[in-house]
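Architecture at a glance
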Number of protein chains: 2
Amino acid sequence: MSTQLTPKQEKVLQAVRDFQAQNGFPPTVRELAEMFGQSSTAGIHKILQILREKGHLVKDGRKSRSLGIVDQGDLHEDRVRSLPILGQVQAGMPQLAYEEKEGDMFIDSEWAGPSESFLLRVRGHSMIDADIRDGDILVVRQTQTCRNGDIVIALLDDEATVKRFYKEHDRIRLQPENPNMQPIYVERDYPNFHIIGIVSGLLRKF
Amino acid sequence: MSTQLTPKQEKVLQAVRDFQAQNGFPPTVRELAEMFGQSSTAGIHKILQILREKGHLVKDGRKSRSLGIVDQGDLHEDRVRSLPILGQVQAGMPQLAYEEKEGDMFIDSEWAGPSESFLLRVRGHSMIDADIRDGDILVVRQTQTCRNGDIVIALLDDEATVKRFYKEHDRIRLQPENPNMQPIYVERDYPNFHIIGIVSGLLRKF
DNA sequence: TTTAATAGTGAACATTTGTTTACTTATTAT
DNA sequence: ATAATAAGTAAACAAATGTTCACTATTAAA
């Protein structure tokens, strides 16, 4: 018996975790078998035994529903973050102007990223070719460093826009992804220009 | 039946809470009876029934150890839900087949909706005109009732697809939002056809 | 007093759940 | 090829657990 988990064992362990998180009590052998579409309980039973031997689960004798999960440090708090939803980006960034806050929303940390982030509701159709629509919510990671092709939130003369970023020899090109709109050019040392952050995600509600 | 709890009921409820906190899973009727030094389970059973009627506990049918504690609205738990991400929809729904699970993700309850939901990774470009791209993740609310124009997950002969739903006189039209693709027509009483759910949201990671 | 609500006992009975045995199938390493 | 491991099926059995019935005791309210 290796000390590693096979893919299947991993899935079963995860299923136990999920069930516990979802229901507040652990699953039975049969429930697990059903989740995996298996008609017999013996297979799952064997896998649970292995998971116990490997120390990932504990169990209280023959009692039903007494599977305990061993490791798993709290998880919840660390996997979720609350971000503000802004109706528009304002001058005065990067300190967020909470004036325009529409509300808050919980996001999986996987999506919020390590640095400061916020959510921004899109106005207008300038990014229609990038499949970003009016009303969509963007996940914006606040940063000054961006690479060619990134979709950025830029602040130009206190006007905020969503554009694709391209650095050219002596200027920056802000490219809308809409055939009907023209790119904006910003000279190298134009004073009133800032990159607020880059778009790392998109949320849309139907 | 008053809405208040008697001292005894209070004690039993507290015992359930303690047991859950201590063991990670809920107590059985007999265990509770033992805790209170009672030789019969019927008394505790009756009290548990009352606690359920008064809304302090919930329980899943006849299942053992399925007592859930209601109040204690930690806020966090209520505003966030964990949904599985599926790589594809399989035959055998609506019981989700865990085989195809890619992982989990926390979603704001605002987006997950009240009924059963899951996340589905999009394969292919059939909905490109609806600005849904290959690789996007859809929030799917499991339901059989959908209206014309809804974007649905449909299961046709064990093949799952994302299409726009239109009910016509004697058939259903599943319309891809891609000019290069043809609609699919399903006759009224075609046997191997199911609506899995409707798409209520979209998540995209850049 | 009578009645209703609460709490309890003992003894069944019904279901759920855990466990085991025997056999099959794939895959992988020797 | 052979053996070992992981995973699965089907069927049975044992134990744990939930539920119900009939009856008793206490207390508070009508």
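Residues numbered from 1 in each chain as written. Chains lettered and ligands numbered in written order. Predicted model: local features only at pLDDT ≥ 70, side-chain atom pairs only at ≥ 80, totals over all residues. Heavy atoms only, no water.

Regarding its fold elements, chain A presents five helices and 11 strands. Here chain A holds 206 residues, and 48% of them are scored as buried. Pairs at least 24 residues apart make up 53% of the contacts formed inside chain A by residues separated by at least 6 positions. (Helix = DSSP H or I, 4+ residues; strand = E, 2+ residues; numbered from the N terminus. Buried < 20%, exposed > 50% of the residue type's maximum accessible area, 1.4 Å probe, protein only. Contact = heavy atoms within 4.5 Å.)

With that settled, consider the pairing of strand 9 (residues 171-175) of chain A. All names here are of chain A. Counting buried positions along strand 9 yields four of five residues, so the element is predominantly enclosed. Sheet topology places strand 9 next to strand 10 (residues 184-187); four bridges connect them, and they run antiparallel. Note on strand 10: the bridge partner recorded for Ile172 is Val186. (Pairing = 2+ DSSP bridges.)

Take the environment of Gly103 of chain B next. Residues and elements named next belong to chain B. Mapped onto the elements, Gly103 comes out in strand 4 (residues 101-108). Through-space distance from the C-alpha of Gly103 to that of Leu86 is 7.5 Å; in sequence the pair is 17 residues apart. Setting aside residues no more than four positions away along its own chain, Gly103 makes contact with Leu83, Pro84 and Ile85.

Around DNA strand D sit 26 residues, and of these Thr6 and Ser39 of chain A together with Val29, Arg30 and Arg65 of chain B come closest. The sugar and phosphate moieties of DNA strand D supply 62% of its atoms located within 4 Å of the protein. The dominant element in the surface near DNA strand D, judged by the number of residues it contributes, is helix 3 (residues 42-53) of chain A, at four residues. Split into classes, the residues belonging to the surface near DNA strand D amount to four nonpolar, 12 polar and 10 charged. (Near = heavy atom within 4 Å. Nonpolar A, V, L, I, M, F, W, Y, C, P; charged D, E, K, R; others polar.)

All names here are of chain A. Averaged over chain A, the pLDDT score is 79; the fraction of residues at 70 or greater is 84%. Put simply, helix 4 (residues 76-79) is where chain A has its lowest mean pLDDT, 57, and strand 9 is where it has its highest, 91. Within the model, the stretch residues 90-99 combines pLDDT values under 50 with 16 contacts to residues more than four positions away or in other chains. (pLDDT = per-residue confidence, 0-100.)

The subject of this paragraph is helix 3 of chain A. All names here are of chain A. End to end, helix 3 covers 17 Å across 12 residues, agreeing with the expected 16 Å (1.5 Å per residue, within 8%). On its buried face, helix 3 is in contact with helix 1 (7-23), helix 2 (29-35) and strand 1 (57-58). In the segment just after helix 3, Gly55 is the residue with positive phi, at about 85°. (Expected span 1.5 Å × (residues − 1).)

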